[in-house]
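Analysis of the macromolecular model
Spelled out from the first residue to the last, the chains are:
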Amino acid sequence: LDEMVTAQQKALADIWAGRDPTLPLDNPQQLVTLASIVEKETGLPAERGHVAAVFVNRLKKPMRLQSDPTVIYGITKGQAPLGRPLKRSEIEAKTPYNTYQVNGLPPTPIDNPGIDSLKAAANPADSSDLYFVAVSTNPSDGHLFAASYTDQQHNVAKLRAAQKLAAADAEAAAAEDQLEAQQAAASGDTSANNTAADTPPSQPAASP
């Protein structure tokens, strides 16, 4: 165990030293936290840099990360899989790990990220994208990325058609859509104004 910890600390120090200097992160621990979210969001090595770029772009805007895996970790504390879709009440609950509700990064990592996720978080892809959503219910199909809320909604519609959501799942998805529209509007994305107009504005996220 001591050897594993030492190796991890050395790898992290090397990656942190070679990080993109524009990263909105203050210390290596925040890098590990960001990498842990990337690790949970995609299992495809080719996507990690792109997923990391989305979250880094959101931190810079600033926008809330709005990552389902962080919400799930706040419920399970990593002890076991959730085993079901998130509920609307869980999306709307303000917990330290609910990145739909709180600004910046969660207080701790949500898993033990691999070396590739650490590298992706330290040097994200060159992308202006702010959104991504799964292509289908098959994780190996990867994600669709978008720079605007309008394009994101088109991509979400494709996924929802594939999912054929049950009523309870659709209610939680509607809560996510509402919160994402608020954040998009707060960040200056005018394509989200009509969607967010009927909902109270959220506070813009602060940098971590």
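Above this text is the structure in question.
Bear in mind that the values here come from a model prediction, so they are computed numbers and not experimental data. (Residues numbered from 1 in each chain as written. Predicted model: local features only at pLDDT ≥ 70, side-chain atom pairs only at ≥ 80, totals over all residues. Heavy atoms only, no water.)

**Regarding the side chain of Thr70**
Within the fold, Thr70 resides in helix α4 (residues 68-76). Discounting residues that sit within four places of it in the chain, Thr70 has contacts with Ile37, Tyr97, Thr99, Pro106 and Ile110. (Helix = DSSP H or I, 4+ residues; strand = E, 2+ residues; numbered from the N terminus. Contact = heavy atoms within 4.5 Å.)

**Some remarks on the environment of Leu144**
With respect to the helices, strands and loops of the structure, Leu144 is situated in strand β2 (residues 143-146). Separated by 15 residues in sequence, Leu144 and Leu159 place their C-alpha atoms 9.6 Å apart. Residues within four places of Leu144 in sequence aside, it is in contact with Tyr131, Phe132, Val133, Val135, Asn155 and Lys158.

**Looking at α4**
By the burial criterion, the buried members of α4 are Pro69, Thr70, Val71, Tyr73, Gly74 and Thr76. Elements that come into contact with the buried residues of α4 comprise α2 (28-41) and α5 (88-92). One or two residues past the end of α4 sits Lys77, with phi positive at roughly 55 degrees. (Buried < 20%, exposed > 50% of the residue type's maximum accessible area, 1.4 Å probe, protein only.)

**With respect to the packing of aromatic side chains**
With the rule as written, the count across this model stands at four aromatic pairs. Consider the rings of Phe132 and Phe145, whose centres lie 5.7 Å apart with planes at 40 degrees: the pair is tilted. Note that Phe132 is positioned in strand β1 (residues 131-134) and Phe145 in strand β2, a separation of 13 residues in sequence. The pair Phe132 / Phe145 is uniform in exposure class, with both members buried. Each residue in the set Phe55, Phe132 and Phe145 is aromatic and connected to the rest through ring pairs, giving one cluster. (Phe/Tyr/Trp six-rings, centres within 6.5 Å; stacked < 30°, edge-to-face > 60°.)

**Some details on the pattern of salt bridges**
In the structure shown here, the tally under the stated rule is six salt bridges. For Lys10, the salt bridge identified is with Asp14, shortest N-O distance 3.1 Å. Of this pair, Lys10 and Asp14 both sit in helix α1 (residues 2-17), separated by four residues, roughly a single helical turn. Given the relative accessible area of 55%, Lys10 is considered exposed. (Salt bridge = Lys/Arg side-chain N within 4 Å of Asp/Glu carboxyl O.)

**Considerations on helix α3 (residues 48-60)**
If you check α3, its first and last C-alpha atoms are 18 Å apart, about what 13 residues at 1.5 Å a residue would give, namely 18 Å. With respect to burial, α3 is a largely interior element, eleven of its 13 residues being buried. (Expected span 1.5 Å × (residues − 1).)

**Here we look at the nonpolar core**
Taken as a class, soluble globular proteins show a tendency for nonpolar side chains to be buried jointly. The biggest cluster of nonpolar side chains holds 28 residues, and the ones touching the most others in it are Leu25, Leu31, Leu34, Phe55 and Leu105. Sorting the residues of this core by element identifies α1, α2, α3 and α6 (115-122) as the ones contributing at least two each. Apart from the residues lying within four places of it in its own chain, the contact partners of Leu31 are Leu12, Ile15, Trp16, Leu25, Leu118, Ala121 and Ala122. Ranked by size, the runner-up nonpolar core spans eight residues in total, among them Met63, Tyr131, Ala184 and Ala192. (Core = buried A, V, L, I, M, F, W, Y, C linked by side-chain atoms within 4.5 Å.)

**Observations concerning the packing of α3 against α6**
Remark: α3 packs on α6, axes separated minimally by 8 Å, with the N-to-C direction vectors making an angle of 45 degrees. Taken together, the axes of α3 and α6 are oblique relative to one another. The two elements α3 and α6 cross, and the hand of that crossing is right-handed. Taken together, the residues of α6 that come into contact with α3 (itself represented by Arg48, Gly49 and Ala52) are Asp116, Ser117, Ala120 and Ala121. Looking at the contact of α3 with α6, its residues break down into three nonpolar, two polar and two charged. (Axes fitted to C-alpha atoms, helices over the stretch in contact; angles between N-to-C directions. Parallel < 35°, antiparallel > 145°, perpendicular 65-115°, else oblique. Left-handed = near helix turned anticlockwise from the far one by under 90°. Nonpolar A, V, L, I, M, F, W, Y, C, P; charged D, E, K, R; others polar.)

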